[in-house]
Protein chains: 2
Amino acid sequence: MTNKSNISMSVIRRLPRYYRYLRDLEKSGIVRVSSKELSVRMGFTASQIRQDFNCFGGFGQQGYGYSVSNLRERIGEILGVANLKKCVLIGAGNLGRALLSIDFSQMGFDLVGIFDTNTDIIGKEVRGYKVYGTEIIAEFCAREKPEMAIICTPTDSAEEICDTLFENGVNAFWNFSHYDISMKHPEAMVETVHLNDSIMTLSYLLDETQ
Amino acid sequence: MTNKSNISMSVIRRLPRYYRYLRDLEKSGIVRVSSKELSVRMGFTASQIRQDFNCFGGFGQQGYGYSVSNLRERIGEILGVANLKKCVLIGAGNLGRALLSIDFSQMGFDLVGIFDTNTDIIGKEVRGYKVYGTEIIAEFCAREKPEMAIICTPTDSAEEICDTLFENGVNAFWNFSHYDISMKHPEAMVETVHLNDSIMTLSYLLDETQ
């Protein structure tokens, strides 16, 4: 097993990107790649790439390049993508439904339940998944033991939902709401996607050039 | 006018978050806030907040706190949210449609057109916006002069689309595809949202604790 401790978050955040590029290379039938070639494709320096791979014990031999499939597999292992962890989706509105087009099983997760407050869709199926009412979240989590929750609720209802999830063993959150989960639950693992912040940054950059 | 040059991207990326918090405070009827109170709410240090605001000439008087509405307005001005810039959405699939629930006019943008290759929806309306075929993008951009494009196409078709947009004056991209726009167009302003990378980071973090 690779020792995962003491690896900086900035290295970790680059791993999915390596994984993605290597999968593309594999699909194109490329079997070996050098850190220099990866560097050209990815915009990182070759030395950065070698350093990143060394954090995990290195994956190749200097001068020979890396085996694409071996490297992709090892990084996938480190990311834990083959070890499916149960997750739930809270909020089956527009964004929640859009996220259902993700192939969770390729990302390390098994989606086991979708929850919403909208009585029009509770009990129905969305993309093959049955929608449950949010009132049974505690009971469901006690039984199914999901480890991660995708939060696509309005910000106002996120706090209560996250409290319930956290109390029932959910320790990781993929957060699309503006509710700041880490403030109340600093122990939780949280990845927040702030779509509005991202588009406003573009507004700033465009304005600046005018 | 505030001088915007020489402000680091890390400060800029915090501005939408300040803006969001201040809007929430304003809605709750709070009229004054100190950097210390903001610090507790936002998880930044008070000194960090004062430093950030000083980049833009400061907004308050030491010891008196900040006027919430004044601060919110000034940050909004810096972000350029009142100066609506035309944008287009390319790709009206699940994710593209989900993004239509964003109130673009609050984010500094005016959505002027949606484009797709799917003949089933071309000519129809999605959430009040007419969908055009991608073959008229060049002509449309020459006429309407959008400055920003939201890329929700499959990665395979993103390169050609981005080339066409860039050649026709679109200089900013909100990129949800895995195509790396900056590699080919380093001058373009690009904000990429890598949903898959974000969820894979959670997979890593969860695996690490097992």
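Scoring rules and cut-offs
Residues numbered from 1 in each chain as written. Chains lettered and ligands numbered in written order. Predicted model: local features only at pLDDT ≥ 70, side-chain atom pairs only at ≥ 80, totals over all residues. Heavy atoms only, no water. Pairing = 2+ DSSP bridges. Helix = DSSP H or I, 4+ residues; strand = E, 2+ residues; numbered from the N terminus. Contact = heavy atoms within 4.5 Å. Axes fitted to C-alpha atoms, helices over the stretch in contact; angles between N-to-C directions. Least-squares fit on C-alpha atoms with pLDDT ≥ 70 in both. pLDDT = per-residue confidence, 0-100. Core = buried A, V, L, I, M, F, W, Y, C linked by side-chain atoms within 4.5 Å. Buried < 20%, exposed > 50% of the residue type's maximum accessible area, 1.4 Å probe, protein only. Left-handed = near helix turned anticlockwise from the far one by under 90°. Nonpolar A, V, L, I, M, F, W, Y, C, P; charged D, E, K, R; others polar. Parallel < 35°, antiparallel > 145°, perpendicular 65-115°, else oblique. Right-handed = clockwise from strand over helix to strand, strands pointing away. 1 Å grid on protein atoms, 1.4 Å probe; cavity = no way out; pocket = protein on both sides within 12 Å on 5 of 7 lines; lining within 4 Å. Points joined across faces, edges and corners; volume = space filled by probe spheres on them. Buried area = accessible area lost by both parts, 1.4 Å probe. Salt bridge = Lys/Arg side-chain N within 4 Å of Asp/Glu carboxyl O. Polar contact = N/O pair within 3.5 Å; in protein donor to acceptor, adjacent residues only side chain to side chain.

S.K.: Explain the sheet that holds strand E8 (residues 172-175) of chain B here, please?
M.R.: The mixed open sheet is built from seven strands, whose spatial order is E5-E6-E4-E3-E7-E8-E9 (chain B). Edge positions in the sheet fall to strand E5 (125-126) and strand E9 (189-192) of chain B, since each has one partner strand and no second. Relative to E8 of chain B, strand E7 (residues 148-151) of chain B is paired through four bridges, and the arrangement is parallel. Within E8 of chain B, the residue paired with Met 148 of chain B across the bridge is Ala 172 of chain B. Where helix H9 (residues 195-208) of chain A meets the sheet, it contacts strand E3 (85-90), strand E4 (109-116), E7, E8 and E9 of chain B, and its direction lies at approximately 170 degrees from that of E8 of chain B. Its contacts with the sheet place helix H7 (residues 155-167) of chain B against E3, E7 and E8 of chain B, and it is angled at close to 170 degrees to E7 of chain B.

S.K.: Is there a simple way to think about the relation of the copies chain B and chain A in this case?
M.R.: One copy of the chain maps onto the other through a rotation about an axis followed by a shift along the same axis. Take chain B, turn it by 180 degrees, move it 0.0 Å along the axis, and it overlays chain A with an RMSD of 0.0 Å. The superposition of one copy onto the other is thereby described by a two-fold rotation axis. Relative to the rotation axis, the C-alpha of Ala 98 of chain B is the closest in chain B, positioned 3.1 Å from it. A share of 100% of interface residues in chain B that are also interface residues in chain A marks the association as one of identical surfaces.

S.K.: Sorry, what's going on with unusual backbone geometry here?
M.R.: Negative phi is the rule for most residues except glycine; trans is the rule for most peptide bonds. Its identity is not glycine, yet Lys 145 of chain A carries a phi of approximately 55 degrees, on the positive side. By the element assignment, Lys 145 of chain A lies in the loop between helix H6 (137-144) and strand E7 (148-151).

S.K.: How should the sheet that holds E7 of chain A be read in this particular structure?
M.R.: Across a sheet, strands are paired by hydrogen bonds formed along the backbone, either parallel or antiparallel in direction. Strands sit in the order E5-E6-E4-E3-E7-E8-E9 (chain A) across an open sheet of seven strands; the sheet is mixed. At either end of the open sheet lies a strand with only one pairing partner, and these are strand E5 (125-126) and strand E9 (189-192) of chain A.

S.K.: How should the confidence of the model for chain A be read in this particular structure?
M.R.: A low pLDDT score tells you not to read the predicted coordinates there in detail. The predicted model of chain A averages 90 in pLDDT, with 95% of residues at 70 or higher. Listed scores for the predicted complex are pTM 0.87 and ipTM 0.89.

S.K.: What should I look at first to understand the nonpolar core in this one?
M.R.: Here is a general trend for soluble globular proteins: nonpolar side chains tend to be buried in one another's company. Of all hydrophobic cores here, the largest spans 108 residues; its most connected members are Met 148, Ile 150 and Trp 174 of chain A together with Met 148, Ile 150 and Trp 174 of chain B. Residue contacts for Ile 150 of chain B: discarding those within four places in its chain leaves Cys 87, Val 88, Leu 89, Ile 90, Leu 99, Phe 104, Trp 174 and Phe 176 of chain B.

S.K.: Help me understand the side chain of Ser 39 of chain A, please; the structure alone is not making it clear to me.
M.R.: Residues and elements named next belong to chain A. Mapped onto the fold, Ser 39 is located in helix H2 (residues 35-42). A residue is classified by how much of its surface remains accessible, and Ser 39, at 15% relative accessible area, is buried. In contact with Ser 39, other than residues within four places in its own chain, are Phe 44, Thr 45, Ala 46 and Ile 49.

S.K.: Is there a simple way to explain the packing of helix H1 (residues 9-27) of chain B against helix H4 (residues 68-79) of chain B in this structure?
M.R.: The angle between the axes and the distance between the axes are what describe a pair of packed helices. Residues and elements named next belong to chain B. Two elements in contact, H1 and H4, have axes whose closest approach is 9 Å; the angle formed by their N-to-C orientations is 145 degrees. The element H1 and its partner H4 pack so that their crossing is left-handed. Each of Leu 15, Pro 16, Tyr 18, Tyr 19, Leu 22, Arg 23, Leu 25 and Glu 26 in H1 lies in contact with H4, whose residues at this interface are Val 68, Ser 69, Leu 71, Arg 72, Ile 75, Gly 76, Ile 78 and Leu 79. Tallied by class, residues from the contact of H1 with H4 come to 11 nonpolar, two polar and three charged.

S.K.: Help me out: how do you make sense of the environment of Leu 99 of chain B in this one?
M.R.: Summarising the element assignment, Leu 99 of chain B is placed in helix H5 (residues 94-99). Sequence-wise, Leu 99 of chain B and Leu 89 of chain B are 10 residues apart; in three dimensions their C-alpha atoms are separated by 9.1 Å. If we skip the residues at most four places from it in the chain, Leu 99 of chain B touches Leu 195 of chain A together with Phe 104, Ile 150, Cys 152, Trp 174 and Phe 176 of chain B.

S.K.: Would you mind showing me how to read the packing of H1 of chain B against helix H3 (residues 46-55) of chain B here?
M.R.: Residues and elements named next belong to chain B. For the pair H1 and H3, interaxial distance at closest approach is 11 Å and the crossing angle is 105 degrees. On the basis of the axis angle, H1 is roughly perpendicular to H3. When H1 is examined against H3, the residues Val 11, Arg 14 and Tyr 18 are found in contact with a partner set consisting of Gln 48, Ile 49, Asp 52, Phe 53 and Cys 55. For the contact of H1 with H3, the residue count by class is five nonpolar, one polar and two charged.

S.K.: Sorry if this is basic, but what is going on with the pairing of E4 of chain B here?
M.R.: As a general feature of sheets, a regular strand has side chains that alternate between the two faces. All names here are of chain B. Counting buried positions over the eight residues of E4 gives six, a clear majority of the element. Note that E3 and E4 share six bridges and pair parallel. The residue of E4 that forms the bridge with Val 88 is Gly 113. You can see the chain leave E3, run along H5 and come back into E4, and the turn it takes is right-handed. In the sheet, E4 pairs with strand E6 (residues 129-133) via three bridges, with the strands oriented parallel. Following the sheet pairing, Ile 114 is matched in E6 by Val 131.

S.K.: Can you walk me through empty space enclosed by the protein in this structure?
M.R.: In this approach the atoms are scanned with a rolling probe the size of a water molecule, which exposes any empty space left behind. Counting across every chain of the model gives two cavities of 30 Å³ or more. As a volume, the largest cavity reaches approximately 40 Å³. Residue lining of the largest cavity: Pro 16, Tyr 19, Arg 20, Arg 23 and Met 107 of chain A together with Asn 196, Asp 197 and Met 200 of chain B, and that is the complete set. Looking at the lining of the largest cavity, the elements with two or more residues in it are helix H1 (9-27) of chain A together with helix H9 (195-208) of chain B.

S.K.: Explanation requested: the interface of chain B and chain A in the structure shown.
M.R.: Each partner contributes residues to the interface: chain B has 62 residues there, and chain A has 62 residues. The junction of chain B with chain A conceals about 5500 Å² of combined surface from both sides, 66% of it contributed by carbon and sulfur atoms. At the boundary of chain B with chain A, the tally comes to six salt bridges. Taking the shortest distance from any N to any O, the salt bridge between Lys 85 of chain B and Asp 207 of chain A comes out at 2.7 Å. Taken together, the links from chain B to chain A amount to 24 residue pairs in polar contact (both at pLDDT 80 or more).

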